[in-house]
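Each chain, letter by letter, is given below.
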Amino acid sequence: MKKLEFDIEKSSIEEMIGEATAYAGAKSESGEGATYERVATAEGDRRILERYLSDACAAAVERLRPFVVGVNFSGERVRMTLEVSGSYEDSMQPAAESAFRSYLAAWATGRWMRLTMPEKWEEWRSETDRLLNELERNLYHRRRPRRATRDTGQIGRDT
């Protein structure tokens, strides 16, 4: 079995949430400044966003339970340790971590949108489902089997 470790700064996720909510507020149908102020997150919203991030982590742990061996989402970082198959393709880890980061941001943004722009909530909910499915699919990914060579009996290059 191999271990994957995700270590993500909460501030980077909060930036992603801020960008998404600011964009949604600026591009709303009404085009009014009041919509932007209502939708875009501000520094004062940090406590509620941290709660949404904790909820997102808990939901991810529940869904990825067969893989999770350790998790810590207190403090300024989100850390998750997963155990995957010994034949997991190592080159897939950056994509898995990116999908996890995007999932956390989308989940928290979706919860925020449920309060500020309820008409966008369903779109964000389906995006979080898609991202978590992508992450789960990634964790099940295996590298191609390798065939032993005749001369040495050692494992050779992929054929």
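A few points on the structure. (Residues numbered from 1 in each chain as written. Predicted model: local features only at pLDDT ≥ 70, side-chain atom pairs only at ≥ 80, totals over all residues. Heavy atoms only, no water.)

## Observations concerning the packing of helix α3 (residues 46-63) against helix α4 (residues 93-116)
And step 1. At a minimum axis separation of 9 Å, α3 and α4 run at an interaxial angle of 125°. For the element pair α3 / α4, the angle class is oblique. The way α3 lies across α4 gives a crossing that is right-handed. Across the interface between the two elements, I48, L49, R51, Y52, L53, D55, A56, C57, A59 and A60 of α3 pack against F100, Y103, L104, W107, A108, R111, W112 and L115 of α4.
And step 2. Tallied by class, the residues present in the contact of α3 with α4 amount to 15 nonpolar, no polar and 3 charged. (Axes fitted to C-alpha atoms, helices over the stretch in contact; angles between N-to-C directions. Helix = DSSP H or I, 4+ residues; strand = E, 2+ residues; numbered from the N terminus. Parallel < 35°, antiparallel > 145°, perpendicular 65-115°, else oblique. Left-handed = near helix turned anticlockwise from the far one by under 90°. Contact = heavy atoms within 4.5 Å. Nonpolar A, V, L, I, M, F, W, Y, C, P; charged D, E, K, R; others polar.)

## Focus: the nonpolar core
And step 1. Among the nonpolar cores identified, the biggest contains 33 residues, and I13, L82, F100, Y103, L104, L135 and L139 are the most heavily contacted of them.
And step 2. Among the elements of the structure, β1 (2-9), α1 (10-26), α3, β3 (77-84), α4 and α5 (121-139) are those that each provide at least two residues to this core.
And step 3. Ranked by the residues each element gives to this core, the list is headed by α4, at 10 residues.
And step 4. The residues contacting L82, other than those within four sequence positions of it, are K2, K3, L4, F6, F67, V68, V69 and L139. (Core = buried A, V, L, I, M, F, W, Y, C linked by side-chain atoms within 4.5 Å. Buried < 20%, exposed > 50% of the residue type's maximum accessible area, 1.4 Å probe, protein only.)

## Notes on the side chain of N138
And step 1. Here N138 is to be found in helix α5.
And step 2. For N138, a relative accessible area of 8% puts it in the buried group.
And step 3. Within the structure, N138 has its side chain in polar contact with the backbone oxygen of M92 (distance 3.3 Å).
And step 4. Apart from the residues lying within four places of it in its own chain, the contact partners of N138 are Y88, M92, A95 and A96. (Polar contact = N/O pair within 3.5 Å; in protein donor to acceptor, adjacent residues only side chain to side chain.)

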